[in-house]
Amino acid sequence: MLDIVSTCMLGRYGFLAVVLTTFEDFGIWVDVLLLLKSLLELDHVVEELEKIAVVNLLQHRSIISLIGNVQKSSLILEKVSLILEKVLYCVLPST
């Protein structure tokens, strides 16, 4: 995971393109990209992206990110799954 912070990105267009081009130049695949931006500002972006891909603007969602030791990933996922199961059982309405 990289957290990229730069004053060069403030109020400028194209900063992200430069970042992604850098990854491309090194042959690195970018799996996840998180942008913090107002949903109101994304309508035109979604319209443009729909010309090249299927785009779903998901609202009222949360992202859970796990960062851990790869050698212990099975154990970590097992523990997280048990915790989430308990939490969801308490939160979701019974059917």
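Conventions we followed
- Residues numbered from 1 in each chain as written.
- Predicted model: local features only at pLDDT ≥ 70, side-chain atom pairs only at ≥ 80, totals over all residues.
- Heavy atoms only, no water.
- Helix = DSSP H or I, 4+ residues; strand = E, 2+ residues; numbered from the N terminus.
- Areas by Shrake-Rupley, 256 points an atom, 1.4 Å probe, with all protein chains shown as cover.
- Salt bridge = Lys/Arg side-chain N within 4 Å of Asp/Glu carboxyl O.
- Buried < 20%, exposed > 50% of the residue type's maximum accessible area, 1.4 Å probe, protein only.
- Patch = residues over 30% accessible without salt bridge, like charges linked within 9 Å, V, L, I, M, F, W, Y side chains within 5 Å.
- pLDDT = per-residue confidence, 0-100.

J.: Which residues make up the overall build of the chain, and what are the values?
T.: In terms of helices and strands, the chain carries three helices and zero strands. Each helix and strand of the chain, placed in order from N terminus to C terminus, yields the pattern α-α-α. Counting every atom, the chain has about 9600 Å² of accessible surface; 62% of that belongs to carbon and sulfur.

J.: Any chance you could break down the pattern of salt bridges for me, citing the residues and the numbers?
T.: Two side chains that carry opposite charge are able to pair once their charged atoms sit near each other. Inspection of every chain in the model, using the stated rule, returns one salt bridge. Its salt-bridge partner being Glu-48, residue Lys-51 comes within 3.1 Å of it at the nearest N-O pair. Lys-51 sits in the exposed class, given a relative accessible area of 62%. Its relative accessible area of 46% is what places Glu-48 among the partly exposed residues.

J.: Pulling in residues and values, what's your account of a nonpolar patch on the surface?
T.: On the surface, Ile-64, Leu-66, Ile-76, Leu-77, Leu-84 and Leu-88 cluster together to form a nonpolar patch covering roughly 540 Å² of accessible area. Structurally, the position occupied by Leu-66 is in the loop between helix H2 (43-49) and helix H3 (73-91).

J.: Requested: an account of the confidence of the model for the chain, with residues and values cited.
T.: Of the residues in the chain, 86% have a pLDDT of 70 or more, and the chain-wide mean is 78. Considering each helix and strand of the chain separately, the mean pLDDT is smallest for H2, with a value of 80, and largest for helix H1 (residues 15-25), with 86.

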